[in-house]
Every structure is written in C-alpha cells, then in structure tokens.
Amino acid sequence: MKMTYREAFGAAFPEDELRFEPSEGYDEFVPRGSQDFVFNVDLTRDLVMVLLSGSSDGLFIFGPTGCGKSSHIREVFARLKMPMIGMTCTEATTSADFIGSWVLVGDDGMRWLDGPLTIAVREGLPLVLDEMDQMRPEELVILNGILDGSPLVIPQLGGEVIAIHPRFRLIATGNSNGTWDGSNAYVGVKRQNMAFMDRMIVARAAYMDPEVERMLLEKAFLGTTITSDIIKKAIELANDIRAQFLAGRIGMTFSTRSLKRWMRLTIAYHRQDHPLRMALLKALVNRAEPVDQEVIFRAAAALFGNAFGSGDTLS
Ligand SMILES: Nc1ncnc2c1ncn2[C@@H]1O[C@H](COP(=O)(O)OP(=O)(O)OP(=O)(O)O)[C@@H](O)[C@H]1O
Ligand SMILES: [Mg+2]
C-alpha cells in the first residue's frame with residue numbers, strides 16, 4: 001500500500017511516503033476510526049515507525065488519563081487500515097491469560113483457546129496492551145524473550161513452539177513511566193521490571209496543545225448551544241486543573257475525555273438553569289474529593305461568571 005503521511009493523518013504532516021504491505025484477511029481486527037481525530041505528530045511518528053520499520057522494539061506510551069494514548073493507537077491503525085489485537089490489563093492479568101487456556105466445551109470435552117499473545121505472534125498482528133502498568137511485573141517477563149525474537153513456547157500445549165511472525169509488535173499504554181510515579185492518583189499502578197522496560201521505546205504523551213484542543217472542540221460542538229467563548233474558557237479551566245494536578249496540588253485532572261463530556265452534557269441540559277454548572281458537576285466534579293470540588297467550582301465560577309450560576313456550592 002502506498003500513501004503519504006499527509007493523506008493518512010492530515011495537513012500537519014509532511015508528504016513523506018508510507019509504503020507497506022496491507023494485511024489481508026483480518027478486516028474485523030481493524031479498529032474503526034473517527035474522521036475528526038487530531039493526530040499528534042510525534043506520537044503518530046513513533047507509532048508508524050514501530051509498526052512499519054523492521055525493528056522488534058516494543059513501544060510504551062505513558063501519560064495522564066484521557067490525554068489520548070489509547071485513541072491515538074486505535075486511530076493510527078484505522079488510518080493505515082491495519083489490524084491489531086487489543087487487551088486491557090489489570091492486576092489480575094497473568095501470562096497464562098496472554099497465552100491461552102483449556103476450556104470445557106459442552107460434551108466435547110476440553111478445547112484449547114489461543115490467548116491474544118499467541119494469536120498475535122502466530123498471525124503477525126500487533127498486540128496492544130492498555131493499562132500495562134497495572135500488571136504485576138513478573139507476569140510480563142514472558143514478553144522479554146518475545147521482544148528479543150525468541151519463539152513463544154506454550155507449556156500447556158506440550159511445549160509447542162511458535163515462531164514470532166515478522167509483523168508481530170508490542171504496543172502498550174500506561175499512566176506511569178514504569179517506575180510508578182509515587183503519587184496515589186492512579187490506583188493500582190506498579191513499578192515494572194527494568195529488564196522488560198529496557199526492551200521498549202518509551203514515549204511520553206501529554207494533554208493536547210490548547211490551540212489544537214480548541215480546534216477539536218469547535219469542530220465537534222460549534223453550531224450547538226456551545227459558543228467559541230465557552231470553548232475558550234472551558235479549555236482554560238481544563239488546563240488550570242491539569243497544571244494543578246501535575247504539580248501535585250489537587251488529586252483530580254481534567255482529561256480531553258471529560259472536557260468533551262462536559263460540552264455534550266451542557267448541550268443536553270440546555271433547557272435547565274445553568275447548564276454549564278450541571279454538566280460540569282456530572283462530567284467531573286461529582287467524582288472529585290470535596291477539597292478538589294471546591295477548587296474546580298471556584299475556578300469555573302471565576303471564568304464563566306453569571307453563566308455559571310452564583311456561589312461555590314455544589315448543588
Ligand atoms: N487527539 C485527539 N483527537 C480527538 N479526540 C481525542 C484526542 N485525544 C483524546 N481525545 C478524546 O479523549 C478521549 C480519551 O482518550 P483516550 O481514551 O485515548 O485517553 P488515554 O490517554 O488512553 O486515557 P487513560 O489513561 O484513561 O486510558 C477519546 O475517546 C477522545 O474522545
Ligand atoms: Mg487508555
């Protein structure tokens with residue numbers, strides 16, 4: 001397949017050519033993309049490099065919640081029409097979950113079901129692990145050999161050996177850089193094994209540039225009850241809260257995800273008194289700690305004035 005970066009990802013990208021063999025036969029594994037996604041140039045280039053270069057390095061993308069890590073990955077696959085296997089990791093995820101298991105199928109007895117890693121390695125599909133840093137590090141060590149190019153050996157199948165398909169890749173996301181950031185903001189994040197992390201390219205994702213975020217929200221919401229003045233102030237508020245969160249002053253952040261939800265709810269509540277206030281409560285404030293609720297509400301009231309309703313009270 002031949003296309004340029006610009007054709008695939010938009011005007012911010014150069015005309016450099018992307019050449020790759022299309023993957024055939026895995027259409028159902030190609031994520032569905034959205035037309036209005038705004039690609040970050042650095043992150044997109046890292047992803048394309050890992051997917052299309054011959055190197056077997058893994059890619060770990062870390063950054064604060066809702067800044068667009070998982071969606072970037074999905075959208076890049078969608079634009080390249082490439083299939084992927086996605087899996088969300090938890091503390092309970094084990095290497096056996098990666099490999100597969102024997103399951104009882106009615107009267108037919110036991111049947112082996114390949115896990116996502118086995119399918120990915122065998123079929124040559126990139127494996128995308130979301131929230132990888134939630135996993136216990138010893139369960140990820142199985143990937144060390146694979147990232148080195150050693151075949152996957154499946155003890156449960158009597159030691160069956162599966163060679164690593166040249167198109168296999170490992171891409172993962174997390175909220176920490178693998179060392180655990182010392183904060184309690186992301187419950188369950190664990191320090192990862194240094195030898196494993198040494199096999200990964202590590203990219204840092206951040207919240208969108210305010211100007212880019214403004215364009216994104218205007219494209220999505222202008223023409224409704226949301227005005228460009230509301231969008232400008234909403235982004236200002238979000239960036240104020242993000243800065244306070246990143247500086248450790250408050251325990252709540254304001255993701256692009258929550259920002260979009262706030263705007264959507266403001267439209268939904270447009271017939272009620274103070275829709276911006278109602279919507280902010282439900283999109284963000286109701287799940288913050290009481291001290292943070294006040295900080296956010298006060299900042300919003302200062303920015304929006306009368307449109308936000310009076311007082312700092314949370315009702
Ligand atoms: N570049 C972008 N263009 C358009 N929408 C975006 C972009 N980045 C983020 N979003 C919006 O924010 C939502 C959250 O993004 P995403 O789920 O990718 O965040 P994340 O970084 O993976 O968060 P988490 O750490 O919570 O998993 C997306 O569903 C999308 O609506
Ligand atoms: Mg994610």
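Model, not experiment: these values are computed from the prediction.

Enquirer: Can you tell me about helix α5 (residues 116–123), naming the residues and giving the values?
Expert: Taken together, the buried positions of α5 are P116, L117, T118, A120 and V121. Just downstream of α5 lies G124, where phi reads positive at about 80°.

Enquirer: Summarise the site of ligand 1; cite the residues concerned and give the values.
Expert: By nearness alone, 18 residues border ligand 1, and V38, T65, G66, K69 and S71 come closest of all. At 3.2 Å, a backbone N or O of C67 approaches an oxygen atom of ligand 1. Contacts to ligand 1 include S70, whose side-chain N or O atom sits 2.8 Å from an oxygen atom. Relative to its unbound accessible surface of 640 Å², ligand 1 loses 86% to contact with the protein. Listed by contribution, the elements that provide at least two residues to the shell around ligand 1 are α3 (69–80) and α10 (256–268). Tallying contributions element by element places α3 first for the shell around ligand 1, with four residues.

Enquirer: Which residues make up the packing of helix α8 (residues 210–221) against α10, and what values do they have?
Expert: Across the interface, α8 lies against α10 with an axial gap of 11 Å and an inter-helix angle of 30°. Judged by the angle between their axes, α8 and α10 are roughly parallel. Viewed along their axes, α8 and α10 form a crossing whose handedness is right-handed. Taken together, the residues of α10 that come into contact with α8 (itself represented by E213, L216, L217 and F221) are T256, L259, K260, M263, R264 and I267. Its residues assigned to classes, the contact of α8 with α10 shows six nonpolar, one polar and three charged.

Enquirer: Can you lay out the domain arrangement of the protein for me, pointing to particular residues and giving the numbers?
Expert: You can read the domains of the protein as domain 1 (2–204) and domain 2 (210–308). One C-alpha centre belongs to domain 1, the other to domain 2, and the line joining them spans 32 Å. Across the boundary between the two partners, domain 1 contributes seven residues, which contact eight residues of domain 2. In this assembly, domain 1 packs against domain 2 so that about 690 Å² is buried in total across both faces, 68% of it on carbon and sulfur atoms.

Enquirer: Give a detailed account of the packing of aromatic side chains, specifying residues and quantitative values.
Expert: Tallying each qualifying case throughout the model produces 11 aromatic pairs. An angle of 50° between the planes, with centres 6.1 Å apart, marks the rings of Y5 and F9 as tilted. Here F9 and Y5 lie together in helix α1 (residues 5–9), a separation of four residues that amounts to about one turn. A residue is classified by how much of its surface remains accessible, and Y5, at 8% relative accessible area, is buried. The class for F9 is buried, based on a relative accessible area of 5%. Look at F297 and F308: their rings are 5.2 Å apart centre to centre, the planes differ by 70°, and that puts the pair in the edge-to-face class. In this pair, F297 is assigned in helix α12 (residues 290–304) and F308 in the segment after α12, connecting sequence segments 11 residues apart. Each of the two residues, F297 as well as F308, counts as buried.

Enquirer: How would you summarise a nonpolar patch on the surface if you had to cite specific residues and measurements?
Expert: Taken together, the side chains of W102, L104 and M110 present a nonpolar region at the surface, about 360 Å² in accessible area. Following the sequence through the fold, M110 ends up in strand β6 (residues 110–114).

Criteria and thresholds
- Residues numbered from 1 in each chain as written.
- Chains lettered and ligands numbered in written order.
- Predicted model: local features only at pLDDT ≥ 70, side-chain atom pairs only at ≥ 80, totals over all residues.
- Heavy atoms only, no water.
- Buried < 20%, exposed > 50% of the residue type's maximum accessible area, 1.4 Å probe, protein only.
- Helix = DSSP H or I, 4+ residues; strand = E, 2+ residues; numbered from the N terminus.
- Near = heavy atom within 4 Å.
- Polar contact = N/O pair within 3.5 Å; in protein donor to acceptor, adjacent residues only side chain to side chain.
- Areas by Shrake-Rupley, 256 points an atom, 1.4 Å probe, with all protein chains shown as cover.
- Axes fitted to C-alpha atoms, helices over the stretch in contact; angles between N-to-C directions.
- Parallel < 35°, antiparallel > 145°, perpendicular 65-115°, else oblique.
- Left-handed = near helix turned anticlockwise from the far one by under 90°.
- Contact = heavy atoms within 4.5 Å.
- Nonpolar A, V, L, I, M, F, W, Y, C, P; charged D, E, K, R; others polar.
- Domains from an automatic or database assignment.
- Buried area = accessible area lost by both parts, 1.4 Å probe.
- Phe/Tyr/Trp six-rings, centres within 6.5 Å; stacked < 30°, edge-to-face > 60°.
- Patch = residues over 30% accessible without salt bridge, like charges linked within 9 Å, V, L, I, M, F, W, Y side chains within 5 Å.
- Salt bridge = Lys/Arg side-chain N within 4 Å of Asp/Glu carboxyl O.

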